[in-house]
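Spelled out from the first residue to the last, the chains are:
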Amino acid sequence: MSQATVNEFVTAIKEDPNLMAELNAAVDVESYYKIAQDHGYFFTSEELKAELSQESQEELAGMINPGMAPRTHLGAQ
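Residues numbered from 1 in each chain as written. Predicted model: local features only at pLDDT ≥ 70, side-chain atom pairs only at ≥ 80, totals over all residues. Heavy atoms only, no water.

### Section: the overall build of the chain
Our working rule: Counting from the N terminus, the helices are the DSSP runs of H or I reaching at least four residues and the strands are the DSSP runs of E reaching at least two. Each residue gets one of three labels from its accessible area relative to the maximum for its type: buried under 20%, exposed over 50%, partly exposed in between, using a 1.4 Å probe on protein chains only. Here, residues are in contact when the closest pair of their heavy atoms is within 4.5 Å.
Each helix and strand in the chain was counted, giving five helices and zero strands. Counting from the amino terminus, helix and strand elements in the chain follow one another as α-α-α-α-α. The 77 residues of the chain split such that 34% are buried. Restricting the contact set of the chain to residue pairs at least 6 apart, pairs at least 24 apart contribute 58%.

See the structure below:
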């Protein structure tokens, strides 16, 4: 697990609309991590939070469900 891996994952989200759609359908953080792992990305929640804190609010909203019920914003967890 490394920060480089989570950086690659965030880049993949931005470049792959199918991956983005799959992640937007995740109902919780565990589902999000499972999808990431299914695509070969392994990282900790701390690494993910650190990477997401580098993104603008607009980019973050485009990559991650911005909190529509019953989901919560992943950056807030």
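### Some remarks on the packing of aromatic side chains
Aromatic ring pairs are defined here through the distance separating the ring centres and the angle between the ring planes. Quick note on the threshold: Here is the rule: rings of Phe, Tyr and Trp (six-membered ring for Trp) pair when centre to centre is within 6.5 Å. Planes less than 30 degrees apart are stacked, more than 60 are edge-to-face, and the remainder are tilted.
Throughout the structure, instances matching the rule amount to four aromatic pairs. Consider the rings of Phe9 and Tyr32, whose centres lie 6.0 Å apart with planes at 90°: the pair is edge-to-face. Highlighted residues: Phe9 in helix H1 (residues 3-15) and Tyr32 in helix H3 (residues 29-38), separated in sequence by 23 residues. Residue Phe9 shares its accessibility class with Tyr32, and that shared class is buried. Site record: aromatic cluster; members linked through ring pairs are Phe9, Tyr32, Tyr33, Tyr41 and Phe43.

### Things to note about the side chain of Glu47
Quick reminder of the rule: Any pair of nitrogen or oxygen atoms within 3.5 Å is treated as a polar contact; in protein, a donor-acceptor pairing is required on top of that, and neighbouring residues in sequence qualify only through side-chain atoms on both sides.
Examined against the element boundaries, Glu47 turns out to sit in helix H4 (residues 45-52). In this structure the side chain of Glu47 is engaged in a polar contact, spanning 2.8 Å, whose partner is the backbone nitrogen of Thr44.

### Things to note about the side chain of Thr5
Structurally, Thr5 is set in helix H1. Aside from chain neighbours lying at most four places away, what touches Thr5 is Tyr41, Phe42 and Phe43.

### Some thoughts on the packing of H1 against H4
Basically, it comes down to this: Axis definition: a line fitted to C-alpha atoms, over the contacting stretch in the case of helices. Angles run 0 to 180 degrees between N-to-C directions. Orientation is classified from the angle alone, with under 35 degrees giving roughly parallel, over 145 giving roughly antiparallel, 65 to 115 giving roughly perpendicular, and any other angle giving oblique. When the near helix sits turned anticlockwise from the far one by under a right angle, the crossing is termed left-handed; a clockwise turn instead gives a right-handed crossing.
At a minimum axis separation of 9 Å, H1 and H4 run at an interaxial angle of 55°. The angle between H1 and H4 falls in the class oblique. Read as a crossing pair, H1 and H4 show a hand that is right-handed. Taken together, the residues of H4 that come into contact with H1 (itself represented by Gln3, Val6, Asn7 and Val10) are Glu47, Leu48, Ala50, Glu51 and Leu52.

### What about the nonpolar core?
Just so we agree on the cut-off: We call a set of buried residues a nonpolar core when its members are Ala, Val, Leu, Ile, Met, Phe, Trp, Tyr or Cys and they connect through side-chain atoms within 4.5 Å of each other.
Counting 18 residues, the largest nonpolar core has Phe9, Leu19, Leu23, Tyr32, Phe43 and Leu48 as its most contacted members. Those elements giving two or more residues to this core turn out to be H1, helix H2 (17-24), H3 and H4. Each residue touching Leu19, except ones within four places of it in the same chain, is listed here: Phe9, Ala12, Ile13, Ile35 and His39.

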